[in-house]
Amino acid sequence: IVKKSIYSFTLSELRDYLSERGFAKFAADQIYQWLYKNLEQNPEQWTNVSKKIKDDFNENLDLTLPKIIWNGLSKDGTRKFLVQMNDKESVEAVAIPARDRLTLCVSSQVGCAIGCKFCHTGTMGLKRNLTAGEIVGQFMAITHWLKENVGPEERLSNIVYMGQGEPLHNFDHVKKATEIFLETFGIELGPRNITLSTAGFLPGLKRFDEFPRINVALSLHSAIDEKRNKLIPLNQKYPLSEILETLEKLPRLKRQYIMCEYLLIK
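These numbers were taken from a predicted model, which means no experiment stands behind them. (Residues numbered from 1 in each chain as written. Predicted model: local features only at pLDDT ≥ 70, side-chain atom pairs only at ≥ 80, totals over all residues. Heavy atoms only, no water.)

I'd like a rundown of the overall build of the chain, residues and numbers included.
Summing up its helical and strand segments, the chain has eight helices and twelve strands in all. In terms of principal-axis extent, the alpha carbons of the chain reach across some 60 × 40 × 40 Å. Within the chain, the proportion of its 266 residues that are buried is 50%. A separation of at least 24 residues holds for 59% of the contacts in the chain among residues at least 6 apart in sequence. When the accessible surface of the chain is totalled, it reaches about 13,600 Å², and 51% of it is carbon and sulfur. Here the chain carries 36 positive and 32 negative side-chain charges, and the mean point of each set is 3 Å from the other. (Helix = DSSP H or I, 4+ residues; strand = E, 2+ residues; numbered from the N terminus. Buried < 20%, exposed > 50% of the residue type's maximum accessible area, 1.4 Å probe, protein only. Contact = heavy atoms within 4.5 Å. Areas by Shrake-Rupley, 256 points an atom, 1.4 Å probe, with all protein chains shown as cover. Lys, Arg positive; Asp, Glu negative; His and termini not counted. Charge placed at Lys NZ, Arg CZ, Asp CG, Glu CD.)

Kindly report on unusual backbone geometry, identifying the contributing residues and their values.
The backbone of Leu39 shows a phi angle near 55°, a positive value even though the residue is not glycine. With respect to the helices and strands, Leu39 occurs in the loop between α2 (27-37) and α3 (51-60). Backbone geometry places Glu188, a non-glycine residue, at a positive phi of 60°. Secondary-structure assignment places Glu188 in the loop between α5 (171-182) and β10 (194-198).

Now, about helix α8 (residues 240-248): what can you tell me, with residues and values included?
All of the buried residues along α8 are Leu240, Ile243, Thr246 and Leu247. End-on, the buried residues of α8 take up no more than an arc of 130°, which puts them together on one face. Among the structural elements, α6 (202-206), β11 (215-219), α7 (225-231) and β12 (258-261) are those in contact with the buried residues of α8. (Arc of directions from axis to C-beta.)

An account of the nonpolar core is requested, with residue identities and associated values reported.
In terms of nonpolar packing, the biggest core is built from 77 residues, with Ile31, Phe57 and Phe181 touching the most fellow members. The biggest single contributor to this core is helix α4 (residues 132-149), with nine residues. Setting aside residues no more than four positions away along its own chain, Phe57 makes contact with Ile6, Leu14, Tyr17, Leu18, Ile31, Trp46 and Leu63. (Core = buried A, V, L, I, M, F, W, Y, C linked by side-chain atoms within 4.5 Å.)

So, the packing of α4 against α5: which residues are in play, and what are the values?
To describe two helices that pack against each other, one gives the angle between their axes and the distance between the axes. Between α4 and α5, whose axes approach to 8 Å, the crossing angle comes to 45°. Between α4 and α5, the interaxial angle falls into the category oblique. In this structure, α4 meets α5 at a crossing whose hand is right-handed. For the pair α4 and α5, contact is made by Ala132, Ile135, Val136 and Phe139 and by His173, Val174, Lys176, Ala177, Ile180 and Phe181, respectively. When the residues that make up the contact of α4 with α5 are grouped by side-chain class, the tally is eight nonpolar, one polar and one charged. (Axes fitted to C-alpha atoms, helices over the stretch in contact; angles between N-to-C directions. Parallel < 35°, antiparallel > 145°, perpendicular 65-115°, else oblique. Left-handed = near helix turned anticlockwise from the far one by under 90°. Nonpolar A, V, L, I, M, F, W, Y, C, P; charged D, E, K, R; others polar.)

Tell me what's going on with the side chain of Asp29, and back it up with residues and numbers.
Looking at the secondary structure, you find Asp29 in helix α2. Given a relative accessible area of 15%, Asp29 falls into the buried group. Asp29 has contacts with Leu11, Arg15 and Phe185, leaving out every residue within four places of it along the chain.

Hey, could you go over the state of the cysteines for me, with residue numbers and the actual values?
What makes a disulfide is a covalent bond joining the sulfur atoms belonging to two cysteines. Per the stated rule, a full pass over the model turns up zero disulfides. Free cysteine Cys112: the closest other cysteine sulfur is in Cys119, separated by 6.5 Å. With relative accessibility at 9%, the residue Cys112 sits in the buried group. Cys119 takes part in no disulfide bond, and the closest cysteine sulfur, belonging to Cys116, lies 6.2 Å away. (Disulfide = S-S within 2.5 Å.)

Following this line, the structure appears as structure tokens:
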């Protein structure tokens, strides 16, 4: 039996889980704070949580994080991580420093079905979607790694869904991970601190009003349809005119813009 990851529960789901088992709902808020604010993975250290709840978690839930099996540091301070899931599949995540923030680029799938011509992941094809717990798990595994290997002041402040995979192809798990990232009792990022990058997967874009109000970036790479058809085969099915029309209708917060990404290769 594959146990459900503790990192795949939204706060309300964790409250329901406890309530269904006859435990106090409010313990979910405390557990969230231990996991995400205090960075304490070991239930034995959760001093204000009952032994019965800890025993239940140890027996029924997966409390482990994905493993970092390789990391590399670039001269500009960017760190790349290879993160391995329980089934031994691995994805890349990248911590990118800027003047006032440290952004984590997370993966949403193992491989990718989109097949953009300039992207190595596209050559793998799609192996599977990541669960919400595995997406949040990348963030938490790297948070722990930075604390232990760089220092407690080295905290991730932003997230971009720009790693392996097309995030909107894995809509439900990415949406749920985003809700977990935004939770006040937990990681507590602001909606403007999270950006989702899409190659223009129209069925997902059309449902995007179901998402929290995060930033959107279009992986554009050419504004000319014939060129974009070659670079991003998905453009043949969902042409740019339809994508731009859909993007234009997306609800946005004040001072929230839709970004266009353009890759320049000599």
